[in-house]
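# A structural walkthrough
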Amino acid sequence: MSYKKIKIESNAIATNALKAAKDELLIALTADIPFDATTVINIPIKYADLVLKTSQAHTAESNYSIAVDAEDLKLLALQNYENSFFTIVFLKIKDGFYPESLLTSFGIPLSSRTLPNNDSEVHAEALVTNIVNGNAQIVTLGLPLMVDYTAAQCSVLLGQLVALRNTKNTKLGLKSVADHALKTSFDSCKLFVEDMQNQEDFFFRHLEEGEFRDAERLWGVVFEADKIETMIAVKSKIAITNADANGSVWHIGKALTKRGKPAKEGVTRTAETHGEVVLPTVQDGDLVLTGTLVGHAKIVHPLTVVKGEDQSFTFTFTPLPPEV
């Protein structure tokens, strides 16, 4: 099995690599350090900067999220208040305390008894203006004022909503600054860690493969198995009828374990259309391709897989003789 280094594609990978190297510097003998003097000096500096910028970005993200939630809650409070306000207005019209013509001042059609649309922040804010205008008409006509739900309180809620929106926008700006600072730090650290790994490769070049990986792991390099997928395509038909063997089940993997039992590793797929199936495998070497179809003889085909070299096969299932 071959191995490859994990690419420095995230803050976490870069941070872990720098921390491992920083910690190893504290205990390693000078002769065992694979880096030049400048790199040695900058490892803890780069690590500290990336940790700081990551923390600042997380804090800014959290503060922004809190501000968004606060604005959403205040908007919901305004929407609920407006709905209650107009529910009472409709009841007062129904009971004869307010004339139906008052609805025009609220921007509502005379025949409507449907709560005004305030589903969005824009509509909810615009509705406050209509409420203020309608309330002014109530005063002009000398009608009983709204008491439980008032235009004044709608204006207060709107003012609070606007203030929270401004806070949210401020937090968004701070978040953008923190995100940019983190990206700048990460981009710098990514190049720095990649240079560290190049120095390690040169320093440990005389070691055998296994010892080489072990040595580099001490300095924060992470290796993973090189999982190259190889596609094994199978087309299967049924003898005599030449029909597509839809529903046939195909498996590719090791034939036997060390104890002589069927191996579980491998890939299984079912041919659902035109008797065709593709089995992606990360295994290589001597494998076995097995096909089964109810009422037909099993197909077992040994093959050798070379990573990345796709192969195609065509098979025919033979019907089993009827049981006597």
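Residues numbered from 1 in each chain as written. Predicted model: local features only at pLDDT ≥ 70, side-chain atom pairs only at ≥ 80, totals over all residues. Heavy atoms only, no water.

We now examine the sheet that holds strand S7 (residues 285-292). Strands pair in a sheet through their backbones, by hydrogen bonds, and they do so in one of two ways: parallel or antiparallel. Spatially, four strands are ordered S5-S4-S7-S8 in an open sheet, and the strand pairing comes out antiparallel. Unpaired on one side and paired on the other, strand S5 (267-270) and strand S8 (299-305) mark the two borders of the sheet. Recorded for the sheet is a direction-independent mean angle of 20 degrees between the axes of neighbouring strands. Note: strand S4 (residues 249-253) against S7, five bridges, orientation antiparallel. Along S7, the bridge assignment pairs Trp-250 with Gly-291. (Pairing = 2+ DSSP bridges. Helix = DSSP H or I, 4+ residues; strand = E, 2+ residues; numbered from the N terminus. Axes fitted to C-alpha atoms, helices over the stretch in contact; angles between N-to-C directions.)

Across the sheet, three strands lie side by side as S6-S3-S9; this open sheet has mixed pairing. The strands lining the two open edges of the sheet, one partner per strand, are strand S6 (276-281) and strand S9 (311-317). Between one strand axis and the next, the sheet turns by 25 degrees as a mean value, whatever way the strands run. When strand S3 (residues 230-238) meets S6, the two strands line up antiparallel, connected through six bridges. Looking across to S6, one finds that Lys-235 is bridged to Glu-276.

With respect to the helices and strands, the residue Ser-312 is situated in strand S9. On the basis of relative accessibility, which here comes to 61%, the residue Ser-312 falls in the exposed class. Considered as a pair, Ser-312 and Asn-42 are 270 residues apart in the sequence and their alpha carbons are 53 Å apart. (Buried < 20%, exposed > 50% of the residue type's maximum accessible area, 1.4 Å probe, protein only.)

The next point concerns the nonpolar core. Phe-85, Phe-86, Val-89, Tyr-98, Phe-106, Ile-131 and Ile-138 are the most contacted members of the largest nonpolar core, which has 25 residues in total. Put simply, the parts of the chain that give this core at least two residues each are helix H2 (37-94), helix H3 (102-105), helix H4 (121-141) and helix H5 (151-203). Not counting residues within four places of it along the chain, the set of residues in contact with Tyr-98 comprises Val-89, Lys-92, Ile-93, Ile-138, Leu-143, Pro-144, Leu-145 and Met-146. One finds Ile-43, Tyr-47, Phe-212 and Ala-215 within the second-largest nonpolar core, a separate group that totals 24 residues. (Core = buried A, V, L, I, M, F, W, Y, C linked by side-chain atoms within 4.5 Å. Contact = heavy atoms within 4.5 Å.)

So, about the packing of H2 against H5. Two elements in contact, H2 and H5, have axes whose closest approach is 7 Å; the angle formed by their N-to-C orientations is 160 degrees. If you check the angle between H2 and H5, you find them roughly antiparallel. H5 is crossed by H2, and the crossing has left-handed handedness. A breakdown of the residues in the contact of H2 with H5 according to their chemical character gives 28 nonpolar, ten polar and 13 charged. (Parallel < 35°, antiparallel > 145°, perpendicular 65-115°, else oblique. Left-handed = near helix turned anticlockwise from the far one by under 90°. Nonpolar A, V, L, I, M, F, W, Y, C, P; charged D, E, K, R; others polar.)

Now for the pattern of salt bridges. Charged atoms that come close allow side chains of opposite charge to pair. Summed over all chains, the structure comprises 18 salt bridges. Lys-5 is paired through a salt bridge with Asp-201; the nearest N and O atoms lie 2.5 Å apart. Taken together, the positions of Lys-5 in strand S1 (residues 3-5) and Asp-201 in helix H5 put the pair 196 residues apart, joining distant regions of the chain. The residue Asp-23 makes a salt bridge to Lys-19 at a minimum N-O spacing of 2.7 Å. A residue pair is termed a helical-turn pair when its members lie 3 or 4 positions apart in one helix, as Asp-23 and Lys-19 do in helix H1 (residues 11-25) at four residues. Judged by relative accessible area, which is 36%, Lys-19 ranks as partly exposed. One network of salt bridges, with partners in common, ties together Lys-5, Asp-201 and Glu-216. (Salt bridge = Lys/Arg side-chain N within 4 Å of Asp/Glu carboxyl O.)

Here the focus is unusual backbone geometry. Its identity as a non-glycine residue notwithstanding, Ile-240 has a phi of 75 degrees, on the positive side. By the element assignment, Ile-240 lies in the loop between S3 and S4. For Ile-240, a relative accessible area of 84% translates into the label exposed. A positive phi angle is found at Asn-242, which is not glycine, with a value near 60 degrees. The topology assignment puts Asn-242 in the loop between S3 and S4.

The analysis is restricted to geometry; functional conclusions fall outside its scope.
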